[in-house]
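Examining the three-dimensional arrangement
The residues making up each chain are set out below.
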Amino acid sequence: MAPGKPSILRISTDIRSFAMVTALAFVRAAVPGTRAADVAIKPDAPGLTWSGPVTLPPTYP
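Residues numbered from 1 in each chain as written. Predicted model: local features only at pLDDT ≥ 70, side-chain atom pairs only at ≥ 80, totals over all residues. Heavy atoms only, no water.

Description of the overall build of the chain
Each helix and strand counted, the chain has 1 helix and 2 strands in total. Listed by position from the N terminus, the elements making up the chain come as β-α-β. Taken against the 2.2 N^0.38 rule, which gives 10 Å for 61 residues, the C-alpha radius of gyration of the chain at 16 Å runs more than 25% over that of a compact globule. Overall, the chain is about 45 × 25 × 15 Å in size when its C-alpha atoms are taken along their principal axes. Across the 61 residues of the chain, 7% fall into the buried class. When contacts within the chain are restricted to residue pairs at least 6 apart in sequence, long-range pairs at least 24 apart make up 81% of them. Of the roughly 5400 Å² of accessible surface on the chain, 66% is carried by carbon and sulfur atoms. (Helix = DSSP H or I, 4+ residues; strand = E, 2+ residues; numbered from the N terminus. Rg over C-alpha atoms; globule rule 2.2 N^0.38 Å. Buried < 20%, exposed > 50% of the residue type's maximum accessible area, 1.4 Å probe, protein only. Contact = heavy atoms within 4.5 Å. Areas by Shrake-Rupley, 256 points an atom, 1.4 Å probe, with all protein chains shown as cover.)

Below is the structure:
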């Protein structure tokens, strides 16, 4: 995404089962007293399905 340039949007199908598996894996592996501050998921992660691309119009600051 950049000002003045179009952006591409893809929407995932229902990710609840993917999110549950991911959250449980973190809980099982986490050191006691830690917490996740954020989560980043690769778009090509197994188990995710995406819509076709939708081009969004450019934005301007």
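Let's talk about the side chain of Ser 7
With respect to the helices and strands, the residue Ser 7 is situated in strand 1 (residues 7-9). Exposure remark for Ser 7: the relative accessible area of 14% places this residue in the buried category.

Let's talk about the environment of Thr 34
Structurally, Thr 34 is set in the loop between helix 1 (16-29) and strand 2 (54-56). The partly exposed category is assigned to Thr 34, whose relative accessible area is 45%. Here the side chain of Thr 34 touches Val 31 through a polar contact of 2.6 Å, landing on its backbone oxygen. (Polar contact = N/O pair within 3.5 Å; in protein donor to acceptor, adjacent residues only side chain to side chain.)

With respect to the confidence of the model for the chain
Looking at the chain as a whole, the pLDDT averages 89, with 100% of positions reaching at least 70. The spread of mean pLDDT over the elements of the chain runs between helix 1, the lowest at 90, and strand 2, the highest at 94. (pLDDT = per-residue confidence, 0-100.)

Brief notes about helix 1
Since there are 3.6 residues in each turn of an α-helix, residues three or four apart along the chain are aligned in direction. Its 14 residues give helix 1 an end-to-end C-alpha distance of 20 Å, which sits within 8% of 20 Å, the value for a rise of 1.5 Å per residue. Among the 14 residues that make up helix 1, 1 are buried, leaving the element largely open to the surroundings. (Expected span 1.5 Å × (residues − 1).)

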